[in-house]
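Chain by chain, the residues run as shown.
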Amino acid sequence: MRKRLSIAVVAATVAGVSMAGVAAAVVVTPAGPRAGRLTQVGPIAEHGFPAWYRDSNDVRLEACTTLDDPLCPALADEVPDPEQPISFPGNFPGEFFYQLDGAELTLTSGARAVIGLNLEGAFANDEVVDGDQMVFGRVRIRFPAPAGERYRITHPYGIDDLVATDKGVNLTEDIGAVAGAFGQALNSRIGPFLKWDPNVAPAAPAGYVGDPGVDHKVIGSPYNTNFVRVERLDPATGAVLAQVGFTDVFSIQGRYATNAGVDVDQATYSTDGTSGTLEVFATSEPGQAIEVTGVPALGFRTTRLRGGGNGHYYGRFPITGPVPPGTKIEVVNAGDRPIARKTRPVVDVVRIEEVGYDADAGTLTVRASSSDRTGPALSVTGFGPLTQTFTGVLAPPPIITVTSAAGGSTTVPLTGSGGTFTPAAPVAAATADGTAVVGQTVKLDATGSAGEIDAYAWTQIAGPPVTLTGAGGSTPSFVPAEPGAYTFSLVVTGPGGSSEPATVSVTVIEQAGPKAVVGADQTVVRGRAVTLDGSRSTGVETYAWRQISGPAVTLAGATTAKPFFTFPAHALPAVPGPNPAYVYDNDPVVLELTVRNPAGTDVVRTTVRPAADQLTNLTVRYRTGANEWRISGTSTLIAGQRVTAVLGSTLTGRVIGTPVAVDATGAFSIKVTGPAPGPVTTVSLVTTTGGRALAQQTTVTN
């Protein structure tokens, strides 16, 4: 006989799904279709949880919340005082089960695997608090395994493909773990409910799916996989390497629901203050004894509701006198043991006779009445008491709700009337460069105009006459032949009409040659981006940049005011060497900017120098016995550059080891075996940022 495990609720996501504990978890869809699932949530019981859940086989299981039923007990350590009767909320279990099913098996490795397949009730924050009730379907798989091993576990509710972490295989999947969202559990993998195989002795105890203290074969899997099989897979291909565990017996717990419960869907009344009618709408299982408990103050006795054979119940009862605010009725299922009881406030029925919105006048009209003809106050949500037409309503809500002081409310959609809306007239905005040069192209710009625009109309209103190219567009241009002040008017037109005119003026001066300006020379770390800036040049129509000297670079945007390039890292000698053709080149990059306009050309140069990289605190040692080099030092430039050491007083000899990086403090260290220096007594070093140290003396030891 196996002991049942108390299972703690894991944290759940907002969507009500939690997958925890594995490096990789894949739910594999079985080859065949799913034949069954959970289908219905029962009425809410006094403890705030569903009284039962139903599956597609019409099996209903109720909550195991008591301690006096050994075949369907709550967990004693989940009840504050197990010596006292169960009561909500003071002495109620923090978790319980509608179905508590599991299997344990020993794998070929000797590890013990535990599988849990449960429909569980719990509280969202682990404390017994009304409003925090939740029910979720849980699949849990746990067993020790080396990290990285991959397994496929087939069980009654599907297949899981899992990769072990350093804590082994440890999967917990909870679906529906959101307070109050009891229907989400229907979307879990749990269902239909498992029960003992009736063809295998002994038979299940009457009223129960099985005895949790006895392992037994089961039926009910929607995939006809009423077993647990564990297979080890190839981590890369997923091919089956071996079956490492199998069992077809389970410990299962669940009690068939004998009570149906009851939900009160609505309780409304009509009265003229002296007499009236109470209407009650309820739901339960078909064929139940659903009754409303008599209320002498309202003038009616305990009476049974009429059932329609589909789980719906209705009653219509006489009442006398007014109905005091806050009045409640009790509806019971007299056939349940203990009797299921529900209370619900009695409210009036609000009828909305008219609702309309006049968009032209900005008025909202609502006419409504109450089934309580004594005249409880009515109000419109968001607007106030229902006494008159609401004015100044520029943007009404899509629905209108009328609420009564007697508790009733009704919501209807709103339909408006009046003229349709059209776009407003657009707003023109015109800009241009403030100063231009004779013979240069001048661009006007209307792209800052706002609104729905179909057409642009430009008109010259001052200055020497010119021809506008693209006068019907948003960015026309002209070429002035003489200096002066040029002014243009812009009107934009759209479906909402035409805009007020906007004006823009351009001052044109005599033609003059351009002036190229690039600013100060730059110093940058090799390997980093460099941006050039010729934007302060004046009188420019075109830009042209080119490289004059230095390490070859690729200019992006060479015909713009601000091109850019990456200063190349310095090449290192190739491993293993020697490299007789290697050339050290730490020269600056020199570039030239040429600017032009119809009046002439101007040229200027700029220099971009590599940041200095000095190698200091150099130590070079060679141990003949171990054929080992130990070379260390410090760079004055902290840029993550790499350092290479070369035998000899130049950089063309054999390379010692491979390049190493300078750390965040500027230090570097090379520790490698070989090459033997032979008669060479010096070492030279070079970095990718242009640092160089030649002919460093080697200290040779045994």
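Draft legend 1. Broad picture of the overall build of the chain. Looking only at helices and strands, one finds zero helices and 55 strands in the chain. Relative to the globule expectation of 27 Å for 702 residues, the C-alpha radius of gyration of the chain, 43 Å, shows a markedly less compact shape. C-alpha extents for the chain along the principal axes are approximately 105 × 95 × 45 Å. Split into buried and exposed, the 702 residues of the chain put 45% on the buried side. When contacts within the chain are restricted to residue pairs at least 6 apart in sequence, long-range pairs at least 24 apart make up 62% of them.

Draft legend 2. Inspection of the state of the cysteines at higher detail. Taken as a whole and assessed by the stated rule, the structure comprises one disulfide. The disulfide partner of C64 is C72, and the S-S distance across this bridge is 1.5 Å. Since a negative S-S torsion denotes a left-handed disulfide, the C64-C72 link at about -80 degrees is left-handed.

Draft legend 3. Summary view of the pairing of strand 18 (residues 263-271). Bridge count between strand 18 and strand 19 (residues 275-283): eight bridges; the pairing is antiparallel. Counterpart to T271 in the pairing with strand 19 is G276. In terms of strand pairing, strand 18 meets strand 26 (residues 347-348) through two bridges, oriented parallel. Within strand 26, the position partnered with Y269 by the bridge is D348.

Draft legend 4. Structural context of the packing of aromatic side chains. A full pass over the atoms with the stated rule returns 17 aromatic pairs. Ring centres 5.3 Å apart and planes at 90 degrees place the aromatic pair F88 and F92 in the edge-to-face group. The class for F88 is partly exposed, based on a relative accessible area of 26%. With relative accessibility at 2%, the residue F92 sits in the buried group. Ring geometry for Y622 versus W629: centroids 4.8 Å apart, planes at 45 degrees, classification tilted.

Draft legend 5. Quick look at the environment of T554. Inspection of the secondary structure puts T554 in the loop between strand 44 (542-549) and strand 45 (564-566). Remark: the alpha-carbon pair of T554 and T566, spanning 12 residues in sequence, is separated by 7.5 Å. Beyond its immediate stretch of four places on either side in the chain, T554 contacts F564 and F565.

Draft legend 6. Examining the side chain of S635 more closely. In this structure, S635 sits in strand 49 (residues 628-635). Overall, the relative accessible area of 5% leaves S635 in the buried class. Reaching out from S635, the side chain makes a polar contact with the side chain of D613 at a distance of 2.5 Å. In this structure the side chain of S635 is engaged in a polar contact, spanning 3.0 Å, whose partner is the backbone oxygen of L637.

Draft legend 7. View of the nonpolar core. One finds Y53, L119, I141, F143, I153 and V230 to be the most contacted residues of the largest nonpolar core, which totals 44 residues. Broken down by secondary-structure element, the contributors of at least two residues to this core are strand 6 (95-106), strand 7 (112-123), strand 8 (133-143), strand 9 (150-155), strand 11 (169-175) and strand 14 (228-233). Sorting elements by how many residues they give to this core places strand 7 first, with five residues. Counting residues in each nonpolar core, the second largest holds 22 residues, with L298, L305, I329 and V346 among its members.

Draft legend 8. Highlighting the sheet that holds strand 18. Read across the sheet, five strands follow the order 22-23-19-18-26 without closing on themselves; strand pairing throughout is mixed. Two strands close off the open sheet at either side, each with one partner strand: strand 22 (306-307) and strand 26.

Draft legend 9. Examining the pattern of salt bridges more closely. All told, the structure shown has 24 salt bridges when counted by the stated rule. With a shortest N-O distance of 2.7 Å, E62 and R255 are connected by a salt bridge. Remark: R255 occurs in strand 17 (residues 255-256) and E62 occurs in strand 5 (residues 60-62); sequence separation between them is 193 residues. No difference in accessibility class separates E62 from R255, as the two residues are buried. Residue R152 is joined to E231 by a salt bridge in which the shortest nitrogen-to-oxygen separation is 3.1 Å. Remark: E231 occurs in strand 14 and R152 occurs in strand 9; sequence separation between them is 79 residues. With relative accessibility at 26%, the residue R152 sits in the partly exposed group. Overall, E231 belongs to the buried group, its relative accessible area being 10%. Bridged by salt links that share partners, the residues R54, D58, R60 and E285 form one connected network.

Draft legend 10. Spotlight on the sheet that holds strand 53 (residues 682-687). Across the sheet, four strands lie side by side as 51-50-53-54; this open sheet has antiparallel pairing. Every other strand in the sheet has two partners, leaving strand 51 (655-661) and strand 54 (692-697) as the edge strands with one partner each. On average, adjacent strands in this sheet sit at an angle of 20 degrees to one another, irrespective of strand direction.

Draft legend 11. Region of the structure containing the side chain of S371. In this fold, S371 is placed in the loop between strand 28 (363-370) and strand 29 (378-380). Engagement of the side chain of S371 in a polar contact is seen with the backbone oxygen of Y269, the distance being 2.5 Å.

Draft legend 12. Looking closely at the pairing of strand 39 (residues 484-494). The pairing of strand 37 (residues 455-462) with strand 39 spans seven bridges and is antiparallel. Its bridge partner lying in strand 39, Y456 is registered against V492. Alignment of strand 39 against strand 41 (residues 502-509), held across seven bridges, turns out to be antiparallel. Following the sheet pairing, F488 is matched in strand 41 by V504. In this sheet, strand 40 (residues 497-498) lies alongside strand 39 in antiparallel orientation, the contact comprising two bridges. Residue G494 lies in a different strand from strand 40, and its bridge partner there is G497. Counted between consecutive antiparallel strands, the loop separating strand 39 from strand 40 contains two residues.

The rules behind each value
- Residues numbered from 1 in each chain as written.
- Predicted model: local features only at pLDDT ≥ 70, side-chain atom pairs only at ≥ 80, totals over all residues.
- Heavy atoms only, no water.
- Helix = DSSP H or I, 4+ residues; strand = E, 2+ residues; numbered from the N terminus.
- Rg over C-alpha atoms; globule rule 2.2 N^0.38 Å.
- Buried < 20%, exposed > 50% of the residue type's maximum accessible area, 1.4 Å probe, protein only.
- Contact = heavy atoms within 4.5 Å.
- Disulfide = S-S within 2.5 Å.
- Pairing = 2+ DSSP bridges.
- Phe/Tyr/Trp six-rings, centres within 6.5 Å; stacked < 30°, edge-to-face > 60°.
- Polar contact = N/O pair within 3.5 Å; in protein donor to acceptor, adjacent residues only side chain to side chain.
- Core = buried A, V, L, I, M, F, W, Y, C linked by side-chain atoms within 4.5 Å.
- Salt bridge = Lys/Arg side-chain N within 4 Å of Asp/Glu carboxyl O.
- Axes fitted to C-alpha atoms, helices over the stretch in contact; angles between N-to-C directions.

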